[in-house]
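Here are the chains, one letter per residue:
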Amino acid sequence: MQKNFSLKPYNTFGVDANAEYFVEANSVDELTAALQYAQSQNLPVLFLGGGSNILLTKNFEGVAIQLNLKGISEKILNENEISVTAKSGENWHEFVLYCLNKNYGGLENLSLIPGNVGTSPMQNIGAYGTEIKDVFTKCKVLNRKTFEIEVFDLAKCRFGYRDSIFKQERKDKYVILEVSFKLTTQNHLIKTEYGAIKTELNNLGIENPTIQDVSKAVINIRQSKLPDPKKMGNAGSFFKNPTIPLQQFEKLQQQFENIQGYPNGDSVKVPAGWLIEQCGWKGKQIGNVASHQLQALVIVNATGNATGKEIFDFSTMIIDSVKEKFGIELEREVNTV
């Protein structure tokens, strides 16, 4: 356990903030010991994971834990399905590539999403027509009060849009230790209808794509839109795409003819990036912070010297301007500490 430890290398925004105590947990026993110490000292706990979905607005007066549990295991279910389990400290994209190299289908549309496997169920990560819930079977968790290991199946996780039980009533009650997925081994379901995947596949000259081809297309699209956190600090999409009632969307259509939306029953999902861009934020910089020039949904540490408070205040200005123009209140996808 280290004291007054800089968390700058442990968050993708590259914000320089210190933790009062820092522990890298390489086993469940080390994790339990760190949690018990925090409990005995009545200190709050911060889990860093891959640091890709966190904004540090101040120093953390507690115990920061870098969960570094590693390992991947497999179990054949039948001639077309396999269960693959990854420990929480495995890098998400490297895990996706591991599955693709073995021709296991189901995760290809989730290529290049930053972060670790352990955080994937927390917000039901998703992209290009696929969400974790589509392939998730169960996760093992550590109860932070009893220190017993429990199992959460698909129903118990109560997944929603970028949401789960771990972000709601069970927030801060458990630590995810490993996650299991049911993937295909031969009769893969190829999803190319969402976003620009078909266009990118055409650009690559591919007519009958494999799961590896879909992954390559997704990677190309993401790299063309999203800045590399190693070069420019960011946490990917900063805001959730808001869902509004159909009636409200129809009223907005009368005022904004080119408004984008994806209907789902009595509601419509509106792209947050489009809303932000219409308010003039795309590429705009204030001080050390900017909305990325290629994707307005991404807030970046433009100079590398931004504080978490600067980034938070910048996001608040975006929220206020979108609400003023469209009457829609954006919700931050990034967790603020």
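Remember, it's a predicted structure, so these values are computed and weren't measured experimentally.

Some remarks on the overall build of the protein chain
So, step 1. Helix and strand content of the protein chain: eight helices and 20 strands.
So, step 2. Radius of gyration (C-alpha) of the protein chain: 20 Å, near the 20 Å computed for a compact globule of 337 residues.
So, step 3. Overall, the C-alpha framework of the protein chain stretches about 60 × 55 × 35 Å when taken along its three principal axes.
So, step 4. In the protein chain, which comprises 337 residues, the proportion classed as buried is 50%.
So, step 5. Nonlocal contacts in the protein chain, meaning residues at least 24 apart in sequence, comprise 60% of its contacts between residues at least 6 apart.
So, step 6. Taken as a whole, the protein chain presents about 16,400 Å² of accessible surface, with 45% of it coming from carbon and sulfur.
So, step 7. For the protein chain, the distance from the average position of its 36 positive side-chain charges to the average position of its 37 negative side-chain charges is 2 Å.

Considerations on the layout of surface pockets
So, step 1. Within this model, the second largest pocket holds a volume of roughly 920 Å³.
So, step 2. Contributions of two or more residues to the lining of the second largest pocket are made by β5 (60-67), α5 (211-225) and β13 (233-237).

Comments concerning the sheet that holds strand β12 (residues 174-184)
So, step 1. Taken together, five strands build an open sheet; the order of strands is β6-β7-β12-β10-β11 and the sheet is antiparallel. In this open sheet, the two edge strands, each paired with only one partner strand, are β6 (72-78) and β11 (149-153). Strand after strand, the sheet turns through a mean of 20° between neighbouring axes, direction not considered.
So, step 2. Sheet topology places strand β10 (residues 136-143) next to β11; five bridges connect them, and they run antiparallel. Bridge pairing in β11 links Val141 to Glu150.
So, step 3. Sheet strands touched by helix α1 (residues 28-40): β10 and β12. Its angle to β12, the strand with the most contacts, is close to 145°.

Here's the deal with the nonpolar core
So, step 1. The biggest cluster of nonpolar side chains holds 43 residues, and the ones touching the most others in it are Leu7, Phe239, Ile276, Ile311, Ile318 and Leu330.
So, step 2. Breaking this core down by element, the ones donating at least two residues are β2 (18-25), β4 (54-55), β5, α6 (246-255), α7 (272-278) and α8 (308-326).
So, step 3. It is α8 that contributes the most residues to this core, six residues altogether.
So, step 4. One finds Leu100, Ile125, Phe159 and Val214 within the second-largest nonpolar core, a separate group that totals 39 residues.

A word on α1
Residues that lie three or four places apart on an α-helix share one face, since the helix turns once every 3.6 residues.
So, step 1. With 13 residues, α1 should cover 18 Å at 1.5 Å per step; its first-to-last C-alpha distance of 18 Å lies within 8% of that length.
So, step 2. For α1, the complete set of buried residues consists of Leu31, Thr32, Ala34, Leu35 and Ala38. The buried side chains of α1 occupy one side of the element, clustering within an arc of 165° when seen end-on. Opposite its buried face, α1 presents the exposed residues Asp29 and Ser40, each directed more than 90 degrees away.
So, step 3. Positive phi shows up at Asn42, right after α1, with a value of about 55°.

Here we look at the side chain of Ser88
So, step 1. Tracing the sequence through the fold places Ser88 in the loop between β7 (81-87) and α2 (92-101).
So, step 2. Only 3.4 Å separates the side chain of Ser88 from the backbone oxygen of Ile176, close enough to count as a polar contact.
So, step 3. When sequence neighbours within four positions are dropped, the list of residues in contact with Ser88 reads Leu67, Leu69, Asn116, Val117, Gly118, Ile176, Leu177 and Glu178.

With respect to the sheet that holds β2
So, step 1. Strand order in the open sheet formed by four strands is β1-β2-β5-β3, and the pairing between neighbours is mixed. Whereas interior strands pair on both sides, the edge strands pair on one side only; in this sheet they are β1 (2-6) and β3 (45-47). Sheet twist, expressed as the average angle between the axes of neighbouring strands with direction ignored, equals 45°.
So, step 2. In the sheet, β3 pairs with β5 via three bridges, with the strands oriented parallel. Following the sheet pairing, Phe47 is matched in β5 by Ile65.
So, step 3. The strands touched by α1 within the sheet are β2, β3 and β5, with β5 carrying the most contacts at an inclination of about 170°.

Describing unusual backbone geometry
So, step 1. Positive phi is not limited to glycine here, since Asn42 has a value of about 55°.
So, step 2. In this structure, Asn42 sits in the loop between α1 and β3.
So, step 3. Taking the relative accessible area as the measure of exposure, Asn42 reaches 71% and is therefore exposed.
So, step 4. One non-glycine residue, Arg158, lies in the positive phi region at around 50°.

A few points about the packing of aromatic side chains
So, step 1. This model, assessed by the stated rule, comprises 15 aromatic pairs.
So, step 2. Ring plane angle 65° and centroid distance 5.8 Å describe the contact between Trp92 and Phe181, whose orientation is recorded as edge-to-face. Within this pair, whereas Trp92 is found in helix α2, its partner Phe181 is found in strand β12, the two being separated by 89 residues in sequence.
So, step 3. With a relative accessible area of 0%, Phe181 lands in the buried category.
So, step 4. Here the aromatic residues Phe5, Tyr10 and Phe22 are joined through ring pairs into a cluster of three or more.
So, step 5. The aromatic ring of Phe152 is capped on one face by Lys156, whose charged end is 4.4 Å from the ring centroid.
So, step 6. One cation-aromatic arrangement involves Lys284 over Trp281; the distance from NZ or CZ to the ring centre is 4.7 Å.

Criteria and thresholds
- Residues numbered from 1 in each chain as written.
- Predicted model: local features only at pLDDT ≥ 70, side-chain atom pairs only at ≥ 80, totals over all residues.
- Heavy atoms only, no water.
- Helix = DSSP H or I, 4+ residues; strand = E, 2+ residues; numbered from the N terminus.
- Rg over C-alpha atoms; globule rule 2.2 N^0.38 Å.
- Buried < 20%, exposed > 50% of the residue type's maximum accessible area, 1.4 Å probe, protein only.
- Contact = heavy atoms within 4.5 Å.
- Areas by Shrake-Rupley, 256 points an atom, 1.4 Å probe, with all protein chains shown as cover.
- Lys, Arg positive; Asp, Glu negative; His and termini not counted.
- Charge placed at Lys NZ, Arg CZ, Asp CG, Glu CD.
- 1 Å grid on protein atoms, 1.4 Å probe; cavity = no way out; pocket = protein on both sides within 12 Å on 5 of 7 lines; lining within 4 Å.
- Points joined across faces, edges and corners; volume = space filled by probe spheres on them.
- Pairing = 2+ DSSP bridges.
- Axes fitted to C-alpha atoms, helices over the stretch in contact; angles between N-to-C directions.
- Core = buried A, V, L, I, M, F, W, Y, C linked by side-chain atoms within 4.5 Å.
- Expected span 1.5 Å × (residues − 1).
- Arc of directions from axis to C-beta.
- Polar contact = N/O pair within 3.5 Å; in protein donor to acceptor, adjacent residues only side chain to side chain.
- Phe/Tyr/Trp six-rings, centres within 6.5 Å; stacked < 30°, edge-to-face > 60°.
- Lys NZ or Arg CZ within 6 Å of the ring centre and 35° of its normal.

Limitation: the analysis is restricted to geometry and does not speak to function.
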